[in-house]
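A structural walkthrough
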Amino acid sequence: MTTTALSTATGRTDTANRGRRRALWVACGAHALHDGLTDTLYLLLPILQTEFALSYAAIGVLRALYAGAMAGLQVPAAKMAQRVGGPMMLAAGTAIAGAAYLALGASSTFAILVIALILGGFGSSVQHPIASSLVAAAYQGPRSRGALGTYNFAGDLGKMALPAVTAGLIAVMSWRLAAAVVGIIALLGAGAILFAPWSAPAAGDRPTDPPAPNSKAHERANPPRSGFALLLTIGVIDSATRMGFLTFLPFLLQSKGAGLSEIGLALTMVFAGGAAGKLVCGFLGARLGVLPTVLITEGATAAGILALLPLPIGAELALLPLIGVALNGTSSVLYGTVPDLVPVDRRESAFGVFYTGTIGAGALSPVLYGLFSDAVGLTLSMLLVATVVLLTLPLAWKLTRVLSAVASELRSQKRERGSLRKTSLGRVGERRCC
């Protein structure tokens, strides 16, 4: 290769690397902002309950409207992004979510409140399938899991930051004005996404990634559908548990005398633990595998919720970061496992289906737990949440067996290709000798 050709190739590699990094930064920024917008709603729910005289079931319905709208448009948003482009869809969705918070702050009736929450769910529906597929396309092969882990971690940073900022704003101004400020922050984020100097690298452009030795095997392997179905079921239960717990945690704290500042601090500590959980459990998942990690995280989630109920507020605040680690730890393993169970050509749709199922479960669970709380009380409802999460354990055991079978098939195909390559080289040598 000549010096000119080498310089040209190096320049293309550097450009592709910059494109990857910029795509990852935009995806992480969008994830942080949208997750922050979504989870700031938990802080506002006790205020909305007082403002509009709502029952626990009605609070669950409000949360379900937002999450349901977000879940229902995951797949359509992914398909529309193929026509208009991922950056445009991300910017438009972020702007809609910001407008929803402006409407939330201006809501004078329950009907306007409902419309604002549905609008917010529509806006937030674009982020997960589009941003995650952009990251997966930019970082294919062995680097995909690490990049997706970074993307998921960014969402938890947003969950920590925006609710804490909103709680601080409410301390010095009305909640309505604070909601409007949050909406303006989202609109500024939409502008940043739209006008940022970045471009998503093509799915097949990966000059800095060494050719994966089992890429052909992955194309030929056909992971059983039961693997993705098991993964989705675990994700549904995990999401239902997480959303149910987070929706009614502020009310549990409020029943023990916590004020809005303490509730905001409690949520921040849960989300801080969740951010740490994404990193810690991502490492555990890589080292220990899916089954041991799920056993640890889901078992710790159930134990943490049970321990939380009798404790006073001070002890609860100390325990919440640990609960956050376990509560969010499972999701980091699940998201990173999607590419292992789905062929490359169906990965974007699989992410859409996965997020639809998990977010849909998170939309439905607050309604069910709200009805249960109205009937038997908040404490028994939390006990039910702790019990349901344990259903993931036998499913994780079955999923581990599927993953082992897929890995065994890929290893077998790799050995077969190696054997064919040796045979081919031997024949070439024979021809040269002759």
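My aim in this report is to walk through the structure given alongside it, one point at a time. (Residues numbered from 1 in each chain as written. Predicted model: local features only at pLDDT ≥ 70, side-chain atom pairs only at ≥ 80, totals over all residues. Heavy atoms only, no water.)

Right, let's talk about a nonpolar patch on the surface for a bit. A cluster of nonpolar side chains, Leu306, Phe372, Val376, Leu380, Leu383 and Leu384, forms an exposed patch at the surface whose accessible area comes to about 440 Å². Where the nonpolar patch is concerned, the elements lending two or more residues are α14 (347-376) and α15 (378-388). Looking at the nonpolar patch element by element, the count peaks at 3 residues for α15. Mapped onto the elements, Leu306 comes out in helix α12 (residues 290-308). (Patch = residues over 30% accessible without salt bridge, like charges linked within 9 Å, V, L, I, M, F, W, Y side chains within 5 Å. Areas by Shrake-Rupley, 256 points an atom, 1.4 Å probe, with all protein chains shown as cover. Salt bridge = Lys/Arg side-chain N within 4 Å of Asp/Glu carboxyl O. Helix = DSSP H or I, 4+ residues; strand = E, 2+ residues; numbered from the N terminus.)

Here we take up the packing of aromatic side chains. Think of a pair of aromatic rings as described by two things: how far the centres are apart, and how the planes are tilted against each other in angle. By the definition in use, this model includes 3 aromatic pairs. Relative to Phe251, the ring of Phe248 has its centre 6.2 Å away and its plane inclined at 45 degrees; by these criteria the two rings are tilted. Taken together, the positions of Phe248 and Phe251, both in helix α10 (residues 225-255) and 3 residues apart, correspond to about one turn of that helix. Taken as a pair, Phe248 and Phe251 share a single burial class, namely buried. (Phe/Tyr/Trp six-rings, centres within 6.5 Å; stacked < 30°, edge-to-face > 60°. Buried < 20%, exposed > 50% of the residue type's maximum accessible area, 1.4 Å probe, protein only.)

We now examine the pattern of salt bridges. A side chain of one charge can pair with a side chain of the opposite charge if their charged atoms are brought near each other. Applying the stated criterion to the full structure yields 4 salt bridges. With a closest N to O distance of 3.1 Å, Glu51 and Arg176 form a salt bridge. You can see Glu51 sitting in helix α1 (residues 3-52) and its partner Arg176 sitting in helix α8 (residues 175-195), a full 125 residues away along the chain. By relative accessible area, which is 25% here, Arg176 ends up partly exposed. Taking the shortest distance from any N to any O, the salt bridge between Asp156 and Lys159 comes out at 3.9 Å. Of this pair, Asp156 and Lys159 are both found in helix α7 (residues 144-172), 3 residues apart, which corresponds to roughly one turn of the helix. Taken individually, Asp156 and Lys159 each receive the classification buried, so the pair is uniform in this respect.

This part covers the packing of α12 against α15. In a packed pair of helices, the relevant descriptors are the angle between the two axes and the axis-to-axis distance. Two elements in contact, α12 and α15, have axes separated by 8 Å at closest approach and are oriented at 165 degrees. In terms of orientation, α12 lies roughly antiparallel with respect to α15. Where α12 crosses over α15, the two elements pack in a sense that is left-handed. Taking contact as the criterion, the partners of Ala302, Ile305 and Leu306 in α12 are, on α15, Met382, Leu383, Val385 and Ala386. A per-class count over the contact of α12 with α15 returns 7 nonpolar, no polar and no charged. (Axes fitted to C-alpha atoms, helices over the stretch in contact; angles between N-to-C directions. Parallel < 35°, antiparallel > 145°, perpendicular 65-115°, else oblique. Left-handed = near helix turned anticlockwise from the far one by under 90°. Contact = heavy atoms within 4.5 Å. Nonpolar A, V, L, I, M, F, W, Y, C, P; charged D, E, K, R; others polar.)

Our next topic: the nonpolar core. Judged by nonpolar contacts, the single largest core of 102 residues is most densely connected at Leu37, Phe245 and Leu320. Ranked by residue count, the leading element in this core is α10, at 14 residues. Among residues more than four places away in sequence, those in contact with Phe245 are Ile305, Leu308, Leu320, Ile323, Leu327, Met382 and Val385. (Core = buried A, V, L, I, M, F, W, Y, C linked by side-chain atoms within 4.5 Å.)

Along helix α3 (residues 74-84), the residues classified as buried are Gln74, Ala77, Ala78 and Ala81. Looking straight down α3, one finds that the buried residues subtend no more than 100 degrees of arc, so they occupy a single side. In α3, the exposed positions angled more than 90 degrees off the buried face are occupied by Lys79, Gln82 and Arg83. In the stretch just after α3, Gly85 is the one whose phi turns positive, near 100 degrees. (Arc of directions from axis to C-beta.)

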